Amino acid sequence: MRSLITGVTGQDGWYLSELLREQGHEVFGLVTDGDLAPVPPEVKALHGNLGDGASLAAALDAARPHEVYNLAAISSVAESWQHPERVADINGVGVVRLLHAARALAERTGQSVRIVQAGSAEIFGDSPPPQDEQTPIRPTTPYGAAKAFAHHAVGVYRSAGLAASSAILYNHESPRRPEHFVTRKITSAVARISSGSDEQLVLGNLDIRRDWGHASDYMRAMTMIAAHDEPADFVIASGTSRSVKDFVVAAFGYVGIEDWPRHVRIDPALVRPAEPFEQRGDPRRAHGALGWQPKITFEALVAAMVDADVAAVRSRES
Ligand code: GDP
């Protein structure tokens, strides 16, 4: 079995490529020119990017994959307001380029290609939670609108006979999450503070609720979607939302700091305008049809992230 992963150098690419290699797959990864991040072990790098359809066709020709996972995207929701056209091009139109290339490969070679898109809870925008596969798509950010277009494109190609599915992923974190995301921002600061730093952790809205899970669980769901007989869309979520404050309390509590407000300051500039107060997915379709269940609890996720950041502080100090 040959698998091709776009966006292979990101958090999710590391977990997904590890899972696929454990399953005995030959794994190819699409890497953009100028991406300096390391390629995960034993992944064969192919150059190309979602902005260039010809590069996608060439990569598919070289890898001849049985399955394609599209993880490549501009990942920051907040920053999508700064460069909305690029986000629309890569996160939206780029998915059409990939679907078109996969369909063309299948037609040319007669070999079927399964494709799983990393979709996003941001497509639901202000549709009230809990959100499932039938929830109205009402994005409120350029990022959400681009992912919504991609979601519809996957449905269009599926109707036309391509085995294309969307994993509608809620926020998924890990020690590999970059520090501009709130979870890792919190755990890296908590690690430094627990090691004696007198810095303040500066945050935006502490009341916002998100449905957080561990990236390894969510990438396992994507492999189960690829292996499933019927291509379809699946909400991948824990089903429980927590506030940013819950995350802060859990992270400080894990290192034994109870007076967390002493270390936290709110900066109104970090409060995002017009964002949904709560995101919470209903993952029952994935439970029933795929047999998927997350293995890592919220508490275990926080602990794993703080442990990794504490270890990084210690290794820097020694
Ligand atoms: P996103 O959902 O992909 O944008 O992931 P983030 O981790 O960046 O943000 C998750 C939620 O945390 C959003 O609702 C943010 O508004 C909220 N949040 C509150 N304070 C902060 C902060 O200081 N930094 C970030 N990145 N998010 C924050």
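Reading guide: rules and limits
Residues numbered from 1 in each chain as written. Predicted model: local features only at pLDDT ≥ 70, side-chain atom pairs only at ≥ 80, totals over all residues. Heavy atoms only, no water. Domains from an automatic or database assignment. Contact = heavy atoms within 4.5 Å. Buried area = accessible area lost by both parts, 1.4 Å probe. Salt bridge = Lys/Arg side-chain N within 4 Å of Asp/Glu carboxyl O. Polar contact = N/O pair within 3.5 Å; in protein donor to acceptor, adjacent residues only side chain to side chain. Helix = DSSP H or I, 4+ residues; strand = E, 2+ residues; numbered from the N terminus. Nonpolar A, V, L, I, M, F, W, Y, C, P; charged D, E, K, R; others polar. 1 Å grid on protein atoms, 1.4 Å probe; cavity = no way out; pocket = protein on both sides within 12 Å on 5 of 7 lines; lining within 4 Å. Points joined across faces, edges and corners; volume = space filled by probe spheres on them. Axes fitted to C-alpha atoms, helices over the stretch in contact; angles between N-to-C directions. Parallel < 35°, antiparallel > 145°, perpendicular 65-115°, else oblique. Left-handed = near helix turned anticlockwise from the far one by under 90°. Buried < 20%, exposed > 50% of the residue type's maximum accessible area, 1.4 Å probe, protein only. Core = buried A, V, L, I, M, F, W, Y, C linked by side-chain atoms within 4.5 Å. Pairing = 2+ DSSP bridges.

Here we look at the domain arrangement of the protein chain
The parts lose accessible area when they come together, and the size of an interface is often stated as this lost area.
Okay, so step 1: Under the domain assignment used here, the protein chain contains domain 1 (2-173 + 214-236) and domain 2 (182-210 + 240-278 + 295-317).
Okay, so step 2: Contacts between the two partners involve 12 residues from domain 1, matched on the other side by 10 residues from domain 2.
Okay, so step 3: Surface buried jointly by domain 1 and domain 2 totals about 970 Å² across both partners, of which 57% is contributed by carbon and sulfur atoms.
Okay, so step 4: It is Glu 173, His 214 and Asp 217 in domain 1 that bury the most area against domain 2; as a group they hold 43% of the surface buried on that side.
Okay, so step 5: Viewed at the interface, domain 2 and domain 1 are joined by zero salt bridges.
Okay, so step 6: Inspection of the region where domain 1 meets domain 2 yields three residue pairs in polar contact (both at pLDDT 80 or more).
Okay, so step 7: With three residues, the single largest contributor to the side of domain 1 that touches domain 2 is helix 6 (residues 215-227).
Okay, so step 8: When its residues are assigned to classes, the side of domain 1 that touches domain 2 shows three nonpolar, six polar and three charged.

Some points on empty space enclosed by the protein
Okay, so step 1: Inspection of every chain in the model, using the stated rule, returns one cavity of 30 Å³ or more.
Okay, so step 2: Roughly 40 Å³ of internal volume is contained in the largest cavity.
Okay, so step 3: For the largest cavity, the full set of lining residues is Arg 114, Ile 115, Val 116, Ala 163, Ser 165, Ile 225, Ala 226, His 228 and Pro 231.
Okay, so step 4: Secondary-structure elements contributing two or more residues to the lining of the largest cavity are strand 5 (114-120), strand 6 (163-169) and helix 6.
Okay, so step 5: With three residues, the single largest contributor to the lining of the largest cavity is strand 5.
Okay, so step 6: A per-class count over the lining of the largest cavity returns six nonpolar, two polar and one charged.

Re the packing of helix 5 (residues 182-194) against helix 9 (residues 298-317)
When two helices pack together, you describe them by how their axes are tilted relative to each other and by the distance separating the axes.
Okay, so step 1: Running from N to C, helix 5 and helix 9 point in directions that differ by 50°, and their axes come no closer than 8 Å. Our classification of the angle between helix 5 and helix 9 gives oblique. Both helix 5 and helix 9 take part in a crossing whose hand is right-handed. Of the residues in helix 9, those in contact with Thr 183, Arg 184, Thr 187, Ser 188, Val 190, Ala 191, Arg 192 and Ser 194 of helix 5 are Met 305, Val 306, Asp 309, Val 310 and Val 313.
Okay, so step 2: Along the lines of polarity and charge, the residues of the contact of helix 5 with helix 9 split into six nonpolar, four polar and three charged.

A few points about unusual backbone geometry
What you tend to see is this: most non-glycine residues have negative phi, and most peptide bonds are trans.
Okay, so step 1: Residues Pro 129 and Pro 130 are joined by a peptide bond in cis, for which omega reads -5°.
Okay, so step 2: Relative to the helices and strands, Pro 130 is located in the loop between strand 5 and helix 4 (142-159).
Okay, so step 3: Positive phi, close to 60°, is recorded for Glu 42, a residue that is not glycine.
Okay, so step 4: As for its position among the elements, Glu 42 is in the loop between strand 2 (26-31) and strand 3 (44-47).
Okay, so step 5: Residue Glu 42 is classed as exposed on the basis of its relative accessible area, which comes to 65%.
Okay, so step 6: Its identity is not glycine, yet Arg 64 carries a phi of approximately 45°, on the positive side.
Okay, so step 7: Mapped onto the fold, Arg 64 is located in the loop between helix 2 (53-63) and strand 4 (67-70).

Looking at the pattern of salt bridges
Okay, so step 1: What the rule picks out here adds up to 19 salt bridges.
Okay, so step 2: Taking the shortest distance from any N to any O, the salt bridge between Glu 179 and Arg 184 comes out at 3.8 Å.

A look at the packing of helix 5 against helix 7 (residues 244-254)
Okay, so step 1: Direction vectors running N to C along helix 5 and helix 7 enclose 30°, while the axes themselves pass 10 Å from each other. By the criterion of interaxial angle, the relationship of helix 5 to helix 7 is roughly parallel. Crossing of helix 5 against helix 7: the hand is right-handed. Along the contact surface, helix 5 presents Val 182, Thr 183, Ile 186, Thr 187, Val 190 and Ile 193, while helix 7 presents Val 244, Phe 247, Val 248, Ala 251 and Phe 252.

Some remarks on the nonpolar core
Okay, so step 1: Ranked by internal contacts, the top residues of the largest apolar core, which has 31 residues, are Val 68, Leu 99, Ile 115 and Leu 162.
Okay, so step 2: Counting residues per element, the ones that place at least two in this core are strand 2, helix 2, helix 3 (84-109) and helix 4.
Okay, so step 3: When residues in this core are grouped by element, the largest group, eight residues, is from helix 3.
Okay, so step 4: What Leu 162 contacts, discounting residues up to four positions off in sequence, is Leu 99, Ala 102, Arg 103, Val 113, Ile 115 and Tyr 157.
Okay, so step 5: Val 8, Val 43, Tyr 69 and Leu 290 belong to the second largest nonpolar core, which has 28 residues in total.

Here's the deal with the sheet that holds strand 3
Okay, so step 1: Strand order in this open sheet of seven strands is 3-2-1-4-5-6-11, and the pairing throughout is parallel. Across the chains shown, the open sheet's two edge strands, defined by having one partner strand only, are strand 3 and strand 11 (233-236). With strand direction ignored, the average angle separating the axes of adjacent strands in the sheet is 20°.
Okay, so step 2: Both strand 1 (residues 2-6) and strand 4 contribute to a ladder of four bridges, which runs parallel.

Thoughts on the environment of Leu 19
Okay, so step 1: One can find Leu 19 in helix 1 (residues 11-22).
Okay, so step 2: With 197 residues separating them along the chain, Leu 19 and Ser 216 place their C-alpha atoms 8.5 Å apart.

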